Amino acid sequence: MNRFLSLCTAALICAGSTQADPLCDAFASAEAMPKKYSNLAPVLSGSSSDWIITADQMDAEYAPGAEAAELLAQIVAEFAARGTQLAIVMPPPRPLIAGQATVDALSGGQADFDAAAVAASFDQMIEVVRDAGAIAPNLLELATRDDAMRSAFYYRHDTHWTPQGAAHSALALAEEVIAAGLPGFAASSVVQPEWETQDILSERGSLADMAKAVCEASIAPVELPVPAFADAGLSLLDDTSDRPRILLAGSSFSNRYKKDAYRVADAIAGTLQAEVINHSVSGGGSIGAIEGIVNAGLLGEHGSVDLVVWELPYTEGLRSLSPLRQLLGALQMGAAKGALQVTDLEPSGETKMAFEAEPNLLALNLPNVTAQRIKVDLRFENGSKKTMTLLRKSHVPAALQSAWWALSLDAMQGRVLTSAKIRYDGATIGDNPTVYLF
């Protein structure tokens, strides 16, 4: 065990979490919390050195259902058709890394959380993703492989991984990439970093900020060294023509403080000796960045990108059908030809379409749009209805935005579509808004 992991064990975890007294009583309910934080209640906490765990981190189910699994397989196939392999990287749930004993201690045994069952669901999710054809390191296995790694992977007072956790995750990804024998990577070997460096990151922690705002509790920032990978940082004049090309499309885990504070891109570049271009978006949701690189045409010509790394937080997950259909729709738009139907959107905020033929893709062209959310109510021949939500976060930069919003209508599990109702704020959809069926 290297000295840094030993230090993490002592400094981050071993302070103990045996008592259930929270930092303040307001953490117990949404009604007592400020509006900014109310959706995170109830919040589990103990002393200022214990874990802080919010309600949104306590999901029990991660395994995608049959429909989501089929959509994932189609998404992977769309990337493959462009000569690109898709890798999906999901940091594991923080409560699993804290452990059942910690959750029980912080909640006084009152939390409805079964760590073993949640871990099994997360592992099943990884298998579903792998079966879909994506590369997917199991970061739960990594983060819980021993006490030292469990200690070092996450901050206790922030929702993100530490630089140590990010670096080890990049190594786990690299091992999977090399094992897959991808062209350009097959002859590579995993490059290890220098773990103990003079590059120190001070993380104040978003959950520490919450504790200060709600409980007036002061929690000191955590200072940790950032692992250094040889040749990870390339200058503009360096020749990278012989290196694999990777696009990283992630969340705040890879775009912390809008500058990749945990050096995720550097870690991936260093361990695989690759050129990594980071398009991650803090606050972009599960697909903000990856839909953006598709819409912006950044996948380039066939085979010009060797690997796309889709990093998404476990709080978003892969069970929700709407973002999967939106991402698949963006991928399918490039080949969409010969619209079956075309209709102008009504200014009232609601447009109905009876399908003349069963479509595979619903696409909206919204020039000068300011909308961020569009609802699509799909109706089926058997009388059932399913609502999908097209969503774009304001944090996604303009360069990754598009006038086109698309929803894949594939993988309907045998159901026959008959009509759709599109709902939106009529004041936000721009000029000449149009919906197309392909």
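Fair warning: this is a prediction, and the values are worked out from it, not measured in the lab.

A.B. asks: I would appreciate a short explanation of the overall build of the protein chain in the present structure.
C.D. replies: Scanning the protein chain from terminus to terminus reveals 12 helices and 14 strands. In terms of overall dimensions, the protein chain is globule-like: its C-alpha atoms have a radius of gyration of 23 Å, near the 22 Å expected for 438 residues. Overall size of the protein chain, expressed as C-alpha extent along the three principal axes, is 65 × 55 × 35 Å. Burial status across the protein chain gives 54% buried among its 438 residues.

A.B. asks: What is the right way to look at the packing of aromatic side chains in this model?
C.D. replies: When we look at a pair of aromatic rings, we describe it by the centre distance and by the angle of the planes. Throughout the structure, instances matching the rule amount to eight aromatic pairs. Seen from their ring centres, Tyr 436 and Phe 438 are 6.1 Å apart, and the 10° between their planes marks the pair as stacked. What makes Tyr 436 partly exposed here is its relative accessible area of 22%. Aromatic ring contacts, followed pair by pair, group Phe 153, Tyr 154, Trp 161 and Phe 253 into a single cluster. Against the face of Tyr 257 rests Arg 256, its NZ or CZ located 4.1 Å from the ring centre.

A.B. asks: How should the nonpolar core be read in this particular structure?
C.D. replies: Generally speaking, a soluble globular protein has its nonpolar side chains buried in company with each other. Grouped together as the largest cluster of nonpolar side chains are 123 residues, with contacts concentrated most on Ile 268, Ile 290, Trp 310 and Leu 318. Ranked by residues supplied to this core, first place goes to helix H8 (residues 163–179) with nine residues. Non-local contacts of Ile 268, meaning those with residues more than four positions away in its chain, are made with Ala 170, Leu 173, Ile 246, Leu 248, Gln 273, Val 276 and Val 309. With 18 residues, the next largest nonpolar core counts Met 33, Ile 52, Cys 215 and Ile 219 among its residues.

A.B. asks: Please explain the packing of H8 against helix H10 (residues 264–272) as it appears in this structure.
C.D. replies: Relative orientation and spacing of two packed helices are given, respectively, by the angle between their axes and the distance between those axes. Relative to each other, H8 and H10 sit at 40°, their axes nearing to 9 Å. By the angle between their directions, the pair H8 and H10 is classed as oblique. In the packing of H8 onto H10, the handedness of the crossing is right-handed. Contacts from Ala 166, Ala 167, Ala 170, Leu 171, Leu 173, Ala 174, Val 177 and Ile 178 of H8 reach H10 at Val 264, Ala 267, Ile 268, Thr 271 and Leu 272. For the contact of H8 with H10, the per-class residue count stands at 12 nonpolar, one polar and no charged.

A.B. asks: Help me understand the confidence of the model for the protein chain in this model?
C.D. replies: Reading predicted coordinates in detail is not appropriate for stretches of low pLDDT. Of all residues in the protein chain, 93% attain a pLDDT of 70 or more, and the chain-wide mean is 92. Scored below 50 in pLDDT, residues 1–19 makes 46 contacts in the model with residues more than four places away or belonging to other chains.

A.B. asks: Honestly, the sheet that holds strand E9 (residues 361–365) in this entry has me stumped. Any pointers?
C.D. replies: Here we have four strands laid out as an open sheet, ordered E7-E14-E9-E12, and antiparallel in their pairing. Among the strands making up the open sheet, the edge pair consists of strand E7 (341–344) and strand E12 (404–408). Across the sheet, the mean angle from the axis of one strand to that of its neighbour is 15°, orientation sign disregarded. Strand direction decides the pairing type here: E7 and strand E14 (residues 434–437), joined by four bridges, are antiparallel. Following the sheet pairing, Asp 344 is matched in E14 by Thr 434. Together, E9 and E12 form the strand contacts of helix H12 (residues 321–333), whose direction differs from that of E12 by roughly 110°.

A.B. asks: Teacher, can you tell me more about the pairing of strand E5 (residues 275–278) here?
C.D. replies: Regular strands have side chains that alternate between both faces of the sheet. Here strand E4 (residues 245–249) pairs with E5 via four bridges, running parallel. Along E5, the bridge assignment pairs Leu 247 with Ile 277. In the classification by handedness, the crossover that spans E4, the intervening H10 and the parallel E5 is right-handed.

Scoring rules and cut-offs
- Residues numbered from 1 in each chain as written.
- Predicted model: local features only at pLDDT ≥ 70, side-chain atom pairs only at ≥ 80, totals over all residues.
- Heavy atoms only, no water.
- Helix = DSSP H or I, 4+ residues; strand = E, 2+ residues; numbered from the N terminus.
- Rg over C-alpha atoms; globule rule 2.2 N^0.38 Å.
- Buried < 20%, exposed > 50% of the residue type's maximum accessible area, 1.4 Å probe, protein only.
- Phe/Tyr/Trp six-rings, centres within 6.5 Å; stacked < 30°, edge-to-face > 60°.
- Lys NZ or Arg CZ within 6 Å of the ring centre and 35° of its normal.
- Core = buried A, V, L, I, M, F, W, Y, C linked by side-chain atoms within 4.5 Å.
- Contact = heavy atoms within 4.5 Å.
- Axes fitted to C-alpha atoms, helices over the stretch in contact; angles between N-to-C directions.
- Parallel < 35°, antiparallel > 145°, perpendicular 65-115°, else oblique.
- Left-handed = near helix turned anticlockwise from the far one by under 90°.
- Nonpolar A, V, L, I, M, F, W, Y, C, P; charged D, E, K, R; others polar.
- pLDDT = per-residue confidence, 0-100.
- Pairing = 2+ DSSP bridges.
- Right-handed = clockwise from strand over helix to strand, strands pointing away.

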